[in-house]
Amino acid sequence: MYHQKKLAAQMEGMLDTLNQIFEIERKLAKIPESNSISRNLNKLKYIFENQLLGEENGLVYHNPINEKFDETRIDCEATIAGESTENLIITEVIKPIIRLKTSDGLNQIIQKAIVVVQSQNKFNEGEN
Amino acid sequence: MENMINYGIDLGTTNSVIAKYVKGDVEIFKNFTTWKDTLPSVVGFKKDKIFVGDSAKVYSEKIPQDVVAGFKRKMGTTESFMIKCLGQSKTPTELSSYVLKELKLFVQNEKDVDAAVITIPASFDTVQSNATKEAGLQAGFKQVVLLQEPIAASLAYANKAKEKKLTDGQWMVYDLGGGTFDVALVKIQNGEMRILDHEGDNFLGGRDFDRLIVEKLVFPKLKENGSFNNLEQDMKSDNGKYNAKYASLINKAEAAKINLSSQTAADIEIDNIIDDNSKELDFSISIARSEFENLIKVQVDNTIEMIKKIMVKNSLTPVDLQFILMIGGSTFIPFVKNRVKELTQVEINSDIDPTTAIAIGAAYYAGTKAKNFETVELKKKTKVKVKMAYPKASNEKEEFFAARIEGSIEGLNYRITREDGGYDSGTKPLKEKIQEDLPLVEDAYNFFKLIIVDETNNIIKIDNDTIEIAQGKYSIAGQPIPHDICLEVDDTETGRTKLEMIFGKNSLLPNKKSISKRINRTIIKNSNENIRINVLEGPQSALPEANQSIGFISIKGTELERDIIKGSDIELKFEISESRDLTVSAYLTLSNQEFKKTYNPKERYVTVNMLKTDLEDLEKTVNMEISEVEEREEFETAKELKKVQREIEKIHIQAAILPEDSGTDEKFQIEDKKRKLAQELTNITKDKYIQKARAEYFDLKKNTQKLIEEHGNDSEQRHFNDLVQSESTVINSNSISRIKEINDQLYSLNSTILWRTPDFLIGLFNYVSKENYSRLNNQEMAKSLIEAGKFAIQSENWDRLSGINSELLNFLPKQMQNEITTKIGFN
């Protein structure tokens, strides 16, 4: 039991760290910078994907920004902004989707994304 | 046990839970799409589709005309909900039955769930209770037993703390959830538990606390740091320009609230908000636990007023109550517990899981209630045959799935879910032909499950319910790599170079890999030194010279922007496309420089300089081999080797006169010959190296086993067992590199243990401090270390001696520390 709790705490720590890496990456995208910080980030992501859980397993995250959203999509915990619920796209990602990659090729979701979604119709109207 | 009801259901206003009594214990069934214990009590409709739970909850506030939440409050009333997209009304009873049917699906792989104990609030009257019972029957339960929620929670506590058997007396059950609050006075007398009184607020809960954080703490900070004309309106109104930001701030506030239950402060990061003067705001708000407590004080005090009201009505003083039992997610907040205790002076009881307690209690009760009907297996199970059609592999983001259904489909529904938990089609009526666009996870095997259910969500068994689509992996039927592709690295053991695997033979195209290495010698800026990245195709077990170079980058001192210090990192990336283009990139972390090149397999990559260096190395290797075999008087082998030696000399001369920029085919011919000769050399000497490596393995195995017996621990013994387990396959293989790999691991295990043993540490100390004292670089420093070492030996402080030895070793000349080759520049 103690061992299980310890493992769960370790996994939670890894997810927290990945969420932080995701945030840094998101912020970095807005800063004009030579790509040297991205390299460190990519290295960190590589370690999570290939080293931390052994050769066969790894943790990877996916940023679903600008992807379509509807009620069949259960990999995101979404909040709808605005009035319309048609033609929704993900406009803000607070936490990314995290998957556990395994050698059998099945990439199980272990953290659903926390996202804000908005109708694309509204964007288009705004542009016009 | 078979004839007991066993299933307990908390049919909540906000969330519902299903549990089962199994041999004295209770099992909670997880939501099969979200793996949470709970299912939001929300039902949505879209054309012919029904969706229940988390996916419906997303839409509940925005399209209440199609997605309904909170219907429990209307149970037993004549009110019904007009569903716009269906053009018909649904009663709260019908909506509850959808939630119950969804809960039945959590219980997969079990026999039909045909009876349940369902909980109801203490405030429910007969009509409301009957409506709940009816919802259960509509969901397909043949028997429904109702149980009041505060009693269910008390049963969960009584069963959890069996040693603290509930004696005659009374207590309160305080239930503060996400959106509702209830408190009830429960009394037990002569073994009979009943509710004496209750109070509640249908619009008070954790979600109010999130809103308070945003409106009272975040908004003022936003105004302080930016300029906003009408912040509240722009945030909270659906049409407001910051409405999306408001949604995201509520999420962040909820996370901060959860953190504040275990930490004394939590941060909310503000970014990506542009104020009315086009200034982008980017800052962090730290919320102290005390600030949060001040914020929710009024709401929490209101709940306590309700407790006091019950106490006054029932003429109770604090000593009349055994405890206040806390349930509902918001009772995780320490302030709630402390404040209730402080103002009521009654002991707080948080022994049970606040989110599942009611369902657990219901299941315990269900374990004692017998079914009042006979369980008969359905004699005639509906039979349907499903013929599926879909591509097994795809490169698309979604794929078309179709199926033809045979058999009686009347009243049946279907649903498709992806097994990673990312997709749920919702429940739809089954037709003769069904079709769906299934979204695929990229570069993964996508497994979907098709389930067919009857009207009350009992699963109809079908022969094949799995849909399997490989996304981005369809090269399985495509090209495998025909030979190992390796990287040449320095071999610290032999002083030569060896091959490290990048992509193994038969791995699939396209492919990519990153490898991080440490630079093993300092490269001075503008010097003639270089770092070589040589990618070769051919067996990993061969000599590097025997394989064909398919990609080569030489990073010269003259190209460097600063000195590259020994020990710094070089990050190498290798990418091979489906058409076998190889892209090699090397990034030097110290100078922040990247060197990148793509090689086309149609063009062989050979430089004259590289050829010359390889031939020099090959000559050295063959000369060394010859003198070794002559020493052992193996004249036949020596003769074969001399033949190879002559051939190497010949092509070396040919190469020596080639200009560096030679455009002729000659360099390719020489390179071909070189590879063949190196291969020949490998074949002649391979046996010797394999035997040597095998002998080394058995020595190491024996020594390590002895060391573990004397000084090792359990984990080292396990590691050792794991290593020797593969002995038969590795040792009998003809791969030197595999045997060396296992030897390296044994050696490292050996060293780890040795560095703990006093004899070894003393021996090493004497070797460095006595036998090699004159060779130590910094003798003054070394002297004080040696004194400290003597003291460590006297006081038997072996950890300290180990540290001193490491420091002393650093004072030895570098060539003595490690005789390594640095031809490549990393190992």
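Residues numbered from 1 in each chain as written. Chains lettered and ligands numbered in written order. Predicted model: local features only at pLDDT ≥ 70, side-chain atom pairs only at ≥ 80, totals over all residues. Heavy atoms only, no water.

Caption draft 1: Highlighting the interface of chain A and chain B. Taken residue by residue, the interface counts 39 residues in chain A and 45 residues in chain B. Carbon and sulfur atoms supply 49% of the area buried between chain A and chain B, which totals about 3,800 Å² over both sides. The three residues of chain A that bury the most area against chain B are R39, E71 and I74 of chain A, which together make up 19% of that side's buried surface. For the interface between chain A and chain B, the tally reads nine salt bridges. (Contact = heavy atoms within 4.5 Å. Buried area = accessible area lost by both parts, 1.4 Å probe. Salt bridge = Lys/Arg side-chain N within 4 Å of Asp/Glu carboxyl O.)

Caption draft 2: Geometry of the sheet that holds strand β6 (residues 49-52) of chain B. Residue and element names in this part refer to chain B. An order of β6-β5-β7 is seen for the three strands of this open sheet, with the pairing classed as antiparallel. Only two strands of the sheet have a single neighbouring strand rather than two, namely β6 and β7 (67-69). Geometrically, the sheet is characterised by an average inter-axis angle of 15° between neighbouring strands, direction not taken into account. In terms of strand pairing, strand β5 (residues 42-46) meets β6 through four bridges, oriented antiparallel. Note that in β6 the partner of V43 across the bridge is V52. Packed onto the sheet, helix α2 (residues 92-106) meets β5, β6 and β7 and runs at close to 100° relative to β5. (Pairing = 2+ DSSP bridges. Helix = DSSP H or I, 4+ residues; strand = E, 2+ residues; numbered from the N terminus. Axes fitted to C-alpha atoms, helices over the stretch in contact; angles between N-to-C directions.)

Caption draft 3: Inspection of the confidence of the model for chain B at higher detail. Scored by pLDDT, chain B has a mean of 86; 93% of the residues are at 70 or more. pLDDT under 50 marks residues 474-478 of chain B. Its contacts with residues more than four places away, or in other chains, come to eight contacts. (pLDDT = per-residue confidence, 0-100.)

Caption draft 4: Geometry of the pattern of salt bridges. Residue and element names in this part refer to chain B. Considering all chains together, one arrives at 53 salt bridges over all chains under this definition. A salt bridge links R532 to D614; its shortest N-O distance comes to 3.7 Å. A residue pair is termed long-range when its members are at least 10 positions apart, and R532 in strand β31 (residues 530-537) and D614 in helix α11 (residues 608-631) qualify at 82 residues. Note on R532: relative accessible area 5%, which makes it buried. Several salt bridges converge on common partners, so that one network encompasses R532, D614, E671, D672, K674 and R675. (Buried < 20%, exposed > 50% of the residue type's maximum accessible area, 1.4 Å probe, protein only.)

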